[in-house]
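Results of the structural survey
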Amino acid sequence: MANKIKWGILSSAKIAETAFVPAIKLAKQAELKAVASESGKAADTAKRWGIDTSYDSYKELLQDPTIDAIYIPLPNSLHKKWLIEAVQAKKHVLVEKPAALTSDEVKEMDAAAKENGVVWMEAFMYQFHPQHSQVKKWLAEGKIGEAKLFRGSFSFSMDVNSGNIRLNSELGGGSLFDVGCYCVHASRFIFEEEPVQVFGHANHHPEKKIDLSTTGILTFENKQAVIDCSFEQANVNRYEVVGTKGSIEVPYAFRPDGNPNNGLGEVILKDGAGATVAVETFDANQYTVQIDHFSQAILDNTQPSYTPEQTILNMTVIESLYQSIDEGKPVSLKK
């Protein structure tokens, strides 16, 4: 594998074209070598992305002996199938979030990866941006006292009657799966613990049977998280941590490149009266940092920092929120 991991991509999905491909071109430990598309446009996609190798089937790419790692940006319902196919071909895998549709599916995926001696990771790219390390630093230093509340929001407005795959229940659509999963992850990531109970409520599309907007309350041992996500609200991607003596705001938490002022990550420290005490900004391509981290783990034969066990825990919370929405009552996660 020399000193760079050679990557292939399954499909020409928009997230691959707009985020992953530009990011991997900046990576130090990775290079993009091939793409597979079953739409008949593989060659055109490869030319557009500036690579020489293309395949008209996913299985052909997986059999390419020169490829070390695979990026899977397929619809959610296809993640399990193609991750298992990839690891059985001895490829390491970075799979888009959510990694699957249930925690049991994730366990199957992880078992297959372990059986074949390869590593895999769910692509929550935002966690690799340095702005979150600053949040954790201020929390550890007691800048806001004891953390008591996490508020997280991720929403955008779309045509909810369109044919977008995010609106297809059979493909794993819905706002909680698509963007709410970030808020769930961030609450656990920042608090560094697991909720003991969740309570969710959703606004469903009357025909498509997916949640257009979801709100959830996650109860931890001594703190709470309130999250919301939506396909029918203005663009918001932020979180806030409120403590006994102040608060920390991250106004572009999940897509700092969307900051209209400068495209930078930004972390704001406020005192107990709401006055700004400090502002730190960070310039990083979180997709590139993620790619380099995962590629380095492969080169070093080590486990990436974000483990399959964490993916299972995150999926368990999401499953429990959906259960709560269906049953109309809180769901306990205590073992």
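Here we summarise the structure given alongside this text. In this text, all values refer to a predicted model and were calculated from it rather than measured experimentally. Here, residues in each chain are numbered from 1, in the same order as that chain's written sequence. Restriction of local features to residues with pLDDT of at least 70 applies here, the model being predicted, together with a cutoff of 80 or more for giving and counting side-chain atom pairs; totals for whole chains, interfaces and linings are based on all residues. Hydrogen atoms and water are omitted, and side-chain values are computed over all heavy atoms in the structure.

1. Side note on the sheet that holds strand β10 (residues 224-230)
Strand order across the open sheet formed by 9 strands is β14-β13-β12-β11-β7-β10-β9-β8-β15, with mixed pairing between neighbours. At either end of the open sheet lies a strand with only one pairing partner, and these are β14 (276-282) and β15 (331-332). Strands qualify as paired when DSSP identifies two bridges or more between them. The way it works is that DSSP assigns letters per residue, a run of H or I at least four long becomes a helix, a run of E at least two long becomes a strand, and they are numbered from the N terminus. Two strands pair when backbone bridges link them, and strand β7 (residues 147-157) and β10 are joined in this way by 7 bridges, in the parallel orientation. Its bridge partner being in β10, Ser 153 is matched across the sheet by Asp 228.

2. Notes on the layout of surface pockets
Site definitions follow a grid-based scheme: protein atoms alone, a 1 Å grid, a 1.4 Å probe that fits but cannot get out for cavities, and for pockets an open set with protein on both sides within 12 Å along at least five of seven lines, plus lining residues having an atom within 4 Å of a point. Grid points are joined across faces, edges and corners, and a volume is the space filled by probe spheres set on the points. Computed from the structure, the largest pocket encloses a volume of approximately 1,100 Å³. Where the lining of the largest pocket is concerned, the elements lending two or more residues are α1 (14-24), β7, α7 (175-191) and β11 (232-243). Broken down by element, the residue count for the lining of the largest pocket peaks at 4 residues, all from α1. Residue composition of the lining of the largest pocket, by class: 16 nonpolar, 11 polar and 6 charged. Each residue is assigned to one class: nonpolar for Ala, Val, Leu, Ile, Met, Phe, Trp, Tyr, Cys and Pro, charged for Asp, Glu, Lys and Arg, and polar for all the others, Gly among them.

3. So, the pairing of strand β5 (residues 92-96)
With 5 of its 5 residues buried, β5 lies for the most part within the structure. Neither face of β5 is left uncovered, since the one carrying His 92, Leu 94 and Glu 96 and the one carrying Val 93 and Val 95 both have all their residues buried. Two elements, strand β4 (residues 69-72) and β5, share 4 bridges in a ladder whose sense is parallel. By the bridge assignment for β5, Ile 72 is matched with Val 95. Handedness of the β-α-β unit built from β4, helix α4 (residues 79-88) and β5 comes out right-handed. With the strands pointing away from the viewer, any crossover whose connection runs clockwise from the first strand over the helix to the second is right-handed. As for the winding sense of the linkage, the β-α-β connection from β5 through helix α5 (residues 103-115) to strand β6 (residues 120-123) is right-handed. Summary of the burial criterion: residues with accessible area below 20% of their type's maximum are buried, those above 50% are exposed, and those between are partly exposed, where the area comes from a 1.4 Å probe applied to protein chains only.

4. Some details on helix α8 (residues 286-300)
Between its first and last C-alpha atoms α8 spans 21 Å; for 15 residues at 1.5 Å apiece the expected length is 21 Å, and the two agree. Those residues of α8 that fall on the buried side of the exposure criterion are Gln 286, Tyr 287, Thr 288, Gln 290, Ile 291, Asp 292, Phe 294, Ser 295, Ala 297 and Ile 298. Contacts are assigned to residue pairs with any non-hydrogen atoms lying within 4.5 Å of each other. Residues of α8 that are buried in the fold lie against β1 (5-10), α1, β2 (30-36), β4, β5 and β6. Given a helix with a known number of residues, its expected span is that number minus one, times 1.5 Å.

5. What about the side chain of Thr 311?
When you line up the elements, Thr 311 lands in helix α9 (residues 308-327). The exposure class of Thr 311 is buried, given its relative accessible area of 1%.

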